[in-house]
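Chain and residue survey
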Amino acid sequence: MNDALQKSTPSHVLHRSLRQSYPTAVRGDGVYLIDKSGRRYLDASSGAAVSCLGHSHPAVLAAMRGQLDRLEYAHTSFFTTDAAEALGDELIANAPGEMSHVYFVSGGSEGIEAALKLARQYFVERGEPNRRHFIARWQSYHGNTLGALAIGGNAWRRAMFAPILAPSQHIAPCYAYRGQRTDETPEAYGRRVADELDAKIVELGCENVIAFVAETVAGATLGAVEPAPGYFKRFREICDRHRVLLILDEVMCGMGRCGTLHAVEAEGIAPDLMVLAKGLGGGYAPIGAVLASSGVMEAFDRGSGMFMHGHTYMGHPLACAAALAVQRTLREQNLLENVRTQGKRLRARLAARLSDHPHVGDIRGRGLFCGIELVADRASKTPFDPASRLHSRIKSEAMHRGLLVYPMGAPWTAAAATTSCLRRLSSSKSGTSTRSSASSVRRSMRLCQRPLRNPRNDIPPHGPAQPQSARIRDGISTAGLESGACSGQRSPRSPASGQTQDSKEPVIASGMKRVREA
Ligand SMILES: Cc1ncc(COP(=O)(O)O)c(C=O)c1O
């Protein structure tokens, strides 16, 4: 970042990096963020895949002002509010499967914590207190609080805190670009890696396992990686057979970013618990939610009748009013259709501009949730040396040029293109914005061959690069057992109806903005 972007006065705020100066954001304007000096940044990644409607959307701001005029806060142990009830109705009406209840929190990590505790208490309510294991995947990210970090599979983020993390179990991710063998179909690859869950449950004893947790489309660690066909169906079968809960983390990939309201809709299954955040409130207020199925809630109803959890700000009326306005805008303006249309257009443009680039290994994603994996060598898929901090250089240089992208680094690198661009795209008759957005990304990628501009400011959004580990390679080995000591019992999903690691670096694009042009 250049000097013009840096603040001159010392800050008392503990920022993400003590060594970096941050420009002061003072205003949002559709797809742009504007700093104190008047400089405009195209918010191409919607921050960390958050601002799905762009900035300063009038309908959302009006709803928030209206809520503030009526009521700013009421503690949930005394009251419910119209805003929370209306948002609950909206989410359940559009939820997959048999979801019956919503638990409101203030973000993604809090949502994951709540889901883990709901799942544990579900089994205690059912008289199975020995259930204690969570299984998740390497190369996943579920948040930075201790419980979420413990199940997450990002080795770099876990390393510092490993001695104080609760034990958790991990299986391989579904990462076809690096994991699928040349002699197998996508379906066979998906089944092979999904069957690692079966083997892990058998190893632990299904009577000891609470839940399997996964991002439906992998985001912040793996970089917009879609599951293989049939992969989640296989998980659903395995979880049902062993009576283990399936928890989906749609904090990043959900709420329309992939072209359906919930990414899991494309998988033809429903989870027992699902965590939402980011696009739920679109950045207008901190909010997350856990959707719980009727099968899970029946156990609470028949048991203690109370979830042993809670936060002061859960169900905050202002956050609920903001999220309700965001969700109604998505629905009423048919923005999911826009995501699908613009997502295809983005992918086509990225492919046309970048697929022959010597350092573009993979262009992937779903809807407007897109990533580009950069490699030092395409043929061998050799990652860039983490020490080069390429991802960080791309972020800095892009910002220097007025473009915000969301790269992760080491050992593989990627750069992001995104949402905000897309809103512009959709309103541009000539397509100029599209070209300029794609060009911006392409220009940033040319940095691959350039020396580091400013090492002091070369800090990635989540800290230093992770060391490359062999975990992903380990993960690729199969374990496809089909046993299940708990088989034949009723599914926890619906008791009534039976119904690596290591790091890596992706680039993430997200969002569904439409035409609300500034
Ligand atoms: C898939 C996923 N889960 C959980 C989280 C944590 O959410 P938050 O940062 O709101 O706590 C994130 C954040 O990036 C995420 O991508």
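Refer to the structure above for everything that follows.
Reading the values: rules and limits
Residues numbered from 1 in each chain as written. Predicted model: local features only at pLDDT ≥ 70, side-chain atom pairs only at ≥ 80, totals over all residues. Helix = DSSP H or I, 4+ residues; strand = E, 2+ residues; numbered from the N terminus. Buried ≥ 20, exposed ≤ 12 C-beta atoms within 10 Å, placed from the backbone. Axes fitted to C-alpha atoms, helices over the stretch in contact; angles between N-to-C directions. Parallel < 35°, antiparallel > 145°, perpendicular 65-115°, else oblique. Left-handed = near helix turned anticlockwise from the far one by under 90°. Contact = placed C-beta atoms within 7 Å. Nonpolar A, V, L, I, M, F, W, Y, C, P; charged D, E, K, R; others polar. Pairing = 2+ DSSP bridges. Near = placed C-beta within 6 Å.

Each helix and strand counted, the chain has 16 helices and 13 strands in total. Taken across its 518 residues, the chain has 55% of its residues classed as buried.

A word on the packing of helix α8 (residues 186-204) against helix α9 (residues 231-242). Where α8 contacts α9, the two axes come as close as 8 Å, and the packing angle between them is 20°. When the axis of α8 is compared with that of α9, the two are roughly parallel. The way α8 lies across α9 gives a crossing that is right-handed. Listed contacts from α9 to Gly190, Arg191, Ala194, Leu197, Asp198 and Ile201 of α8 are Tyr231, Arg234, Phe235, Ile238 and His242. For the contact of α8 with α9, the residue count by class is six nonpolar, two polar and three charged.

Next up on the list: the sheet that holds strand β9 (residues 273-276). Across the sheet, which stays open at both edges, the seven strands sit in the order β4-β10-β9-β8-β7-β5-β6 with mixed pairing between neighbours. Edge positions in the sheet fall to β4 (99-105) and β6 (169-171), since each of these pairs with one other strand and no more. Between one strand and the next, the sheet's axes are offset by a mean angle of 20°, whatever the strand orientation. Pairing analysis gives four bridges linking β9 to strand β10 (residues 288-293), with the strands arranged antiparallel. Paired with leucine 276 across the bridge in β10 is alanine 289. Lying on the sheet, helix α3 (residues 82-93) is in contact with β4 and β10; it crosses β4 at an angle near 135°. Sheet contacts for helix α10 (residues 294-302): β4, β9 and β10; angle to β10, the most-contacted strand, approximately 80°.

The local shell around the ligand holds 15 residues, among which Gly107, Gly108, Ser109, Gly143 and Val251 are the closest. Sort the elements by how many residues they give to the shell around the ligand and helix α4 (residues 108-125) lands first, with three residues. Residue classes in the shell around the ligand are distributed as seven nonpolar, six polar and two charged.

Across the sheet, which stays open at both edges, the three strands sit in the order β1-β2-β3 with antiparallel pairing between neighbours. Lying at the two open borders of the sheet, with one neighbouring strand each, are β1 (25-29) and β3 (40-42). Taken pair by pair, the neighbouring strands of this sheet meet at an average axis angle of 30°, ignoring direction. Pairing analysis gives three bridges linking strand β2 (residues 32-35) to β3, with the strands arranged antiparallel. In the sheet register, tyrosine 32 faces β3, and the bridge partner there is leucine 42.

Now for the packing of α3 against helix α11 (residues 317-332). Between α3 and α11, the shortest axis-to-axis distance is 8 Å and the interhelical angle comes to 35°. Classified by chirality, the crossing of α11 by α3 is left-handed. Each of Ala83, Ala84, Ala86, Leu87 and Glu90 in α3 lies in contact with α11, whose residues at this interface are Pro317, Cys320, Ala321, Ala323, Leu324 and Gln327.

These figures capture arrangement, not role.
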